[in-house]
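Structural overview for review
For reference, the chains in residue letters:
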Amino acid sequence: MQEAAESNETESTPTITATKPIEAGDGEGDGDAKSSAGVTEDGTTTTVDVGGGGDAAALEISERDELQLFVRELHEKIEHKRQLREQNSNFELPGEKYFARLDSSLKKNTAYVKKLKLFTASQLDALLRELSALNLSKYISEICTALSEAKLKMADVPAVVTLASKLHSTYADFDSQFLEAWQKTLSLKASEKIVNASKLRVDLRLFADLVSSGVIHMKPGLAQLGIVLVQLIGQDKDDHSNLSIILSFCRHCGEEYAGLVPQKMLNLAQKYGVEIPKSEFLPSDKQSNLRSMLKNYFKALCKYVLAEQSELMNMTKNIRRTMECKGEISTEKREKCQMMQSSFDKLLTSAQSLSELLGEPLPELTQETECCNPGTVIDNMLDSATFGTLDPWGDSETCAFYTDLPDLRQFLPNFSAPKVDLEQMEEPSELTEEAIDANIDADDLNDLDDPPSTASDSIIEKEIEEQQLQPQKPIKMGNALMELGRQQLQNQTNPSQSQSQLRQQFDIFLVNLFNCVNKELIDSAAIEFLLNFNTKPQRKKLTRTIFSVQRTRLDILPYLSRFVAIIHMCNTDVANDLAELLRKEFKWHIRKKNQLNIESKVKIVRFIGEMVKFGLFKKFDALGCLKMLLRDFQHHQIEMACALVEVSGVYLYNCRDSRLLMNVFLDQMLRLKTATAMDSRHSAQIESVYYLVKPPESSKRELQPRPIMHEYIRHLIFEELCKQNVERCIKMLRRINWQDPEICSYAIKCLSKAYLLRFPLVRCLADLVSGLSSYQPRAVTIIIDNVFEDIRAGLEIHSPRMSQRRIAMAKYLGEMYNYKLVESTHILNTLYLIISLGVVRDQSIVSPLDPPDSLFRLKLACMLLDTCGPYFTSQATRKKLDYFLVFFQHYYWFKKSHPVFTKSENTSDLFPILVDHAYRDCLATVKPNLKLYKSLEQAKDAIDELQEKLYPQLKNINSNSQDASLATNSEVSEVDEAATDEDTCSSNHPRERLAAGLDAENANDWTENETELPPTPGPPEKSKEDLEFEQMYEKMTTDSYQERLKEPIKATVKDIPVPIMARQLRKPYDHLACSSSSSSNAAQISKADGGPTTATGGTTRAISAAAPAVQSSDGNYETTTSNIASTSSGGGGGGAGSGAGSPSSSGAVQFVLMVRGNKGGKQQFKSFVAPSDSHLAINLKLQEQKIREEKEKVKRLTLNITERIEEEDYQESLLPPQQRNFNQSYYQKPNKHKFKHQKGAPDADLIFH
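In this text the structure is predicted, and so the values were computed from the model without any measurement.

Side note on the overall build of the chain
- Tallying secondary structure elements over the chain gives 50 helices and 8 strands in all.
- In the chain, buried positions account for 40% of the 1249 residues.
- The contacts in the chain between residues at least 6 apart in sequence include a share of 77% that link residues at least 24 apart.
- In the form shown here, the chain has an accessible surface area of approximately 72,300 Å², with 52% of it arising from carbon and sulfur atoms.

So, a negative patch on the surface
- Together, E937, D941, D944, E945 and E948 give the surface a local cluster of negative charge.
- Looking at the secondary structure, you find D941 in helix α40 (residues 936-950).
- Assessed through its relative accessible area of 44%, D941 is described here as partly exposed.

Looking at helix α38 (residues 875-896)
- Helix length check: α38, at 22 residues, gives a terminal C-alpha distance of 31 Å against a target of 32 Å (1.5 Å per residue), a fit within 8%.
- A large share of α38 lies buried, amounting to 18 of its 22 residues.

Digging into empty space enclosed by the protein
- Applying the stated rule across the entire model yields 6 cavities of 30 Å³ or more.
- As a volume, the largest cavity reaches approximately 110 Å³.
- What lines the largest cavity is a set of 13 residues, and nearest its centre among them are V840, D850, P852, F894 and H898.

Points about a nonpolar patch on the surface
- On the surface, a nonpolar cluster with roughly 380 Å² of combined accessible area is contributed by F1029, Y1033 and M1036.
- Mapped onto the secondary structure, F1029 falls in helix α45 (residues 1024-1046).
- Classification of F1029 as exposed rests on a relative accessible area of 59%.

A closer look at the nonpolar core
- Within the largest apolar cluster, 90 residues are counted, with the highest numbers of intra-cluster contacts made by L751, L765, Y812, I827, L865, F884 and F888.
- Among the elements that line this core, the one with the most residues is α38, at 11 residues.
- Discounting residues that sit within four places of it in the chain, I827 has contacts with L813, Y817, V822, L864, C868 and F872.
- Among the nonpolar cores identified, the runner-up in size contains 84 residues, and V157, F174, V211 and Y297 belong to it.

Describing the environment of A939
- Counting through the fold element by element, A939 comes out in helix α40.
- Of the residues examined, A939 reaches a relative accessible area of 0% and is grouped as buried.
- Sequence separation of A939 and F894 is 45 residues, and the distance between their C-alpha atoms is 9.1 Å.
- Ignoring any residue separated from it by four or fewer positions in sequence, one finds A939 in contact with Q889, H890 and Y933.

What to know about the confidence of the model for the chain
- Confidence in the prediction of the chain, expressed as mean pLDDT, is 74, and 68% of residues score 70 or more.
- Note that pLDDT drops below 50 for residues 369-386; the model gives that stretch 16 contacts with residues more than four away or on any other chain.
- In the predicted structure, residues 960-1016 sits below a pLDDT of 50 and forms 120 contacts with residues beyond four places in sequence or in another chain.

Focus: helix α37 (residues 856-868)
- When the terminal C-alpha atoms of α37 are compared, their 19 Å separation across 13 residues agrees well with the 18 Å that a helix rising 1.5 Å per residue should span.
- With respect to burial, α37 is a largely interior element, 11 of its 13 residues being buried.
- Along α37, the residues classified as buried are F856, R857, L858, L860, A861, C862, M863, L864, L865, T867 and C868.
- At its buried positions, α37 is contacted by α34 (777-797), α35 (803-818), α36 (824-836), α38 and α39 (913-926).

A short note on the environment of Y304
- Considering the arrangement of structural elements, one finds Y304 in helix α13 (residues 284-326).
- Spatially, the C-alpha atoms of Y304 and D239 are 7.7 Å apart, while their sequence positions differ by 65 residues.
- If near-sequence neighbours (up to four positions away) are discounted, Y304 is found in contact with D238, D239, H240 and L347.

Concerning the packing of helix α5 (residues 124-133) against helix α7 (residues 157-168)
- Running from N to C, α5 and α7 cross one another at 10 degrees; their axes reach a closest spacing of 10 Å. With respect to each other, α5 and α7 are oriented roughly parallel. Across the interface between the two elements, L124, L127, L128 and L131 of α5 pack against A159, T162, L163, K166 and L167 of α7.
- Looking at the contact of α5 with α7 residue by residue, the class counts come to 7 nonpolar, 1 polar and 1 charged.

Concerning the environment of S353
- One can find S353 in helix α14 (residues 331-358).
- Taking the C-alpha atoms as reference, S353 lies 9.8 Å from C250; in sequence the two are 103 residues apart.

What about the pattern of salt bridges?
- In total, this model carries 33 salt bridges according to the counting rule given.
- Measuring nitrogen to oxygen at the nearest pair gives 2.6 Å for the salt bridge that ties D507 to K541. One end of the pair, D507, is in helix α20 (residues 499-513); the other, K541, is in helix α22 (residues 536-547), and 34 residues separate them in sequence.
- Look at K541 and you get partly exposed, because its relative accessible area is 24%.
- Each of K81, R205, D209 and E256 takes part in one network of salt bridges that share partners.

Considerations on the packing of helix α26 (residues 619-631) against helix α27 (residues 636-653)
- For the pair α26 and α27, the least separation of the axes is 10 Å and the interaxial angle reads 150 degrees. Put simply, α26 runs roughly antiparallel to α27. The way α26 lies across α27 gives a crossing that is left-handed. For the pair formed by α26 and α27, the contact residues are K619, A622, L623, C625, L626 and L629 on the first element and Q637, M640, A641, L644, V645, Y651 and L652 on the second.
- A per-class count over the contact of α26 with α27 returns 11 nonpolar, 1 polar and 1 charged.

As for unusual backbone geometry
- A positive phi angle, close to 55 degrees, is found at N597, a residue other than glycine.
- Considering the arrangement of structural elements, one finds N597 in the loop between α24 (573-592) and α25 (598-613).
- We classify N597 as partly exposed; its relative accessible area is 49%.
- The phi angle at H635 is positive, at roughly 55 degrees, despite the residue not being glycine.
- Looking at where H635 falls in the secondary structure, it is placed in the loop between α26 and α27.
- Given the relative accessible area of 44%, H635 is considered partly exposed.

Regarding the side chain of E815
- By the element assignment, E815 lies in helix α35.
- Its relative accessible area of 5% is what places E815 among the buried residues.
- Every residue in contact with E815, bar those within four places of it in the chain, is listed here: R763, A766 and T867.

So, the packing of aromatic side chains
- Inspection of every chain in the model, using the stated rule, returns 31 aromatic pairs.
- A centroid spacing of 5.5 Å and a plane angle of 35 degrees characterise the contact between F99 and Y171, whose relative ring orientation is tilted. You can see F99 sitting in helix α3 (residues 96-100) and its partner Y171 sitting in the loop between α7 and α8 (174-185), a full 72 residues away along the chain.
- What makes F99 buried here is its relative accessible area of 12%.
- The exposure class assigned to Y171 is buried, which follows from its relative accessible area of 3%.
- For the pair W393 and Y402, a centre-to-centre distance of 5.2 Å together with 10 degrees between the ring planes defines the contact as stacked.
- Joined through ring pairs, the aromatic side chains of Y832, F884, F887, F888, Y892, W893, F901, F911 and Y919 make up one cluster.
- A cation over an aromatic ring shows up here: K603 above the ring of F547, its NZ or CZ 5.9 Å from the ring centre.

Section: the state of the cysteines
- Scanning the model with the defined rule gives 0 disulfides in all.
- Summary of cysteine pairing: C922 is not part of a disulfide, and the nearest cysteine sulfur, belonging to C862, is at 4.2 Å.

Calculation criteria
Residues numbered from 1 in each chain as written. Predicted model: local features only at pLDDT ≥ 70, side-chain atom pairs only at ≥ 80, totals over all residues. Heavy atoms only, no water. Helix = DSSP H or I, 4+ residues; strand = E, 2+ residues; numbered from the N terminus. Buried < 20%, exposed > 50% of the residue type's maximum accessible area, 1.4 Å probe, protein only. Contact = heavy atoms within 4.5 Å. Areas by Shrake-Rupley, 256 points an atom, 1.4 Å probe, with all protein chains shown as cover. Patch = residues over 30% accessible without salt bridge, like charges linked within 9 Å, V, L, I, M, F, W, Y side chains within 5 Å. Salt bridge = Lys/Arg side-chain N within 4 Å of Asp/Glu carboxyl O. Lys, Arg positive; Asp, Glu negative; His and termini not counted. Charge placed at Lys NZ, Arg CZ, Asp CG, Glu CD. Expected span 1.5 Å × (residues − 1). 1 Å grid on protein atoms, 1.4 Å probe; cavity = no way out; pocket = protein on both sides within 12 Å on 5 of 7 lines; lining within 4 Å. Points joined across faces, edges and corners; volume = space filled by probe spheres on them. Core = buried A, V, L, I, M, F, W, Y, C linked by side-chain atoms within 4.5 Å. pLDDT = per-residue confidence, 0-100. Axes fitted to C-alpha atoms, helices over the stretch in contact; angles between N-to-C directions. Parallel < 35°, antiparallel > 145°, perpendicular 65-115°, else oblique. Nonpolar A, V, L, I, M, F, W, Y, C, P; charged D, E, K, R; others polar. Left-handed = near helix turned anticlockwise from the far one by under 90°. Phe/Tyr/Trp six-rings, centres within 6.5 Å; stacked < 30°, edge-to-face > 60°. Lys NZ or Arg CZ within 6 Å of the ring centre and 35° of its normal. Disulfide = S-S within 2.5 Å.

Spelled out as structure tokens, the structure:
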């Protein structure tokens, strides 16, 4: 990461790729109205004004700002270093008294040293404070080692210099010990490469800054720095791995030690007459020495860049040639090329940065040109233009299997022979039919006593033993070296191993070889053979073993061919011997002309075809074998030719050199098939292999693009629709323009084709149609009609190709019933139609619509019953379904008892068991307790009983009518028509949607393209009598209402009000005179808790203060109002009462007492005052408070209702006119919709989640 960061710190230099030469002064702008600057041969900068004067002025300002910033930063850097040198050269060391008062504890000093090992720039202030408080005289060596070995970053270098300056001015022996520590750290060995280049890059800059700051003495510091630079440059002239270290030193310290200034800044300073400051640290003669050494290094770097570019261009050419020849590049080559390209780009960027610092131009890179020999890439390009794109493999996996063989040089360290290229096998100069005929005629086709496969192995065993006894004479140097290395290895590892043990191990290896049935196993087996068993006798035995593979193991032939191809890269004798054996065996079978051993013949030709694709068998010889088969193209030769073309025909046809000849042989095969009367099996084989190699050029039908709205509808229905987004699809489909006939008809067409969806999504489609039924009822009606028509058309056509379509549409119809789109009568009619349309009960007549061996109608009825049968929940529909199940069982036994599925001893042997299980499962699901009939006779008797039960008159009227099962379709549908299942059934999860009464959430879903609901039919016409009656009734109700409005509204009160006469009664003087005594008596009465009170008149009553009614001693009742408490006595016409005046104090409460005489006299009212703390007054106050709270509550509710009505009026005014409800006011009570039980399958996700 540090190295990458250093490479990104370059100045604004142009980027140069490997394919573009770098030319001096090539600085053209990349757009109009820009100014481009270039460097001429003498180094001056030329500026070309391409655009207007404003752009040139802006460019000049930016260049001046950049130059001023560089000059200011350089001046500050030089001045800072000068001050540090003066500070580090002119200082006084502190005395002993200074160190005596500092802390010398071991714990703090060692902790300080540990902190220095993990130094960062953020710790500088803390370390300086601790340094001023510690006595580190005994730890100087540890401090120097810690600073020199610390893993620092470039940003930490100034902080380390500051800390080192402080130590330098404090401790006398710090300089020498610090220099020794750096000498150990910067010691480099000439023979070893640098392990940690990033640390050395930071250490070199830090050491240079320490020397230039005066921390380390100049003379020894410059000597050590020169040694390091010389070693870095000296050992880096080959691979230039130290370029990043040298480039970092030149960028950070080049101005002080070599006077390096970027060439761009020099050009700008010369252009605008600005002087660049120079450091006074080193004289110019010493700087020139380092500059000359860096320039020599740069010259070597330029040569290295050119060499790397040349190597990259060669690899690019090879890859392009491979790409043009083979059509693809292996992953390893691609990765290798990418790595080389990235490394070259990094090298080129670093070279450009060093060139900018040194002011030396980078040499021009060679521009890539197409340099190829005649007859290689150009020929391939011409052939590709003639034949088109030739791909002999077809896919990448096949290509990798036949061409990507392991490089055995990784596994054979002692192997020195060159790698054998399988693609460069010697082929004849011309692959023509005449050359092949001449080659066939020249072959010696003498009769062989025995074929190579059946020859005795005794001679071969003797040859192997003689070869093992005699010293082997290697034919090739590579084979000899390999065998010698293997024998030496065996002698060193197992000197006591006998020859028999080796032979036994090799036999086990040969047995296991035929179990290698994949690419990895066969590659491992080849490597194991080359490492352990690669001797000439064992190669001979291996060849015979592979050749004698079983004739039925055709699957192992490609892997055995790959095994031989891998060995052929090191030893060519196995492949050559095997090819020769296959050639002789093939010619022997052709000469023999017998019709035996067809499997062996097919094995031979297929083996030859696999060897051809690996390049082990010449294409010329393979075409010769095919030509020999075509000369006598009959019987076994036909199958052999077809097998050879099947294996290697595509490869030979798509190769450049054999394409024309293979095309001739294929056409010849097709002509022979047409001209010769041969078996149909052979004709089918010839056509199969012919069109395998040369696929027919199918005329591509130009598909007319659908309108965008049609594509959108198909996308919603056939792609987006699923269980989770049914609601979204409904909203989207509602927004299309249903008033457009074309769009509407296409949407109906798509919604009617349930067979185009996946089977589990048929229910979602029914859910979607159910959601649209409230908004587009006419379209949904057409969809339902289309479904019924499709089901009937499937019954009338009876094509096996429509089986999946018919099943899907039956499922769709059942789901429509579950979502309450169709009635139960329609489902039952469809079920009767399935088992009756085109069904002939006479077994001697074969019906084209329902053949005897066709059981598809049973599956269709079972599918429809399984889908919607469990939702026939009302009594009427259940009864209808029970009637149908009787006829359904009769149809089942009618099909099962047909002679097609019947044997004499058992009637169920030939009937498909899957259909039987589907039938039984369906009935168990629909009606678990249903009694199943066991024969056709029982089913017929059940139909007769049902017919006699429902329509007994038919037995006497129509005795010679048709079968009952054909006539009950309309009969059963008439039973209990008055009862409907839609009002009485119940289910868990159907969709029920209402068009009216949309809530606020769905109000925004309305669109302008959505049609309004059709108006409801008007009421029937009324007669004259009905109109007169309605007028009289309306007049009567109006009059009654007006009369009731005139009547005063009497509020229902619980208590009796105080009469006005009692309030205005004037009291005589006697009453006024005894007012005081009456008041005291009343107070005593009120304080007595129900105690008796005696008054004038001799009548005594005890009245509870809280009771509203009190019964007197003579049986009369007294009633009090809410503000009246009665405690008094009454006499015949007079008595003493309390004063009627106002209470004497504010804490008293005035009451009025109603008194009635013993003998039903007139009511009398007496007033008295009760204290406010009495029970009577307290109860009165609590009652009034409750009444007051209740009135406030009613008032709040009334106000809330008013505010809600106003808010609803405002929301309605915001709605479009189409959605406003003008028929019903908010002040009227809305009509409540009658609750309907839902119908359909329950949604488990909605219930449990």
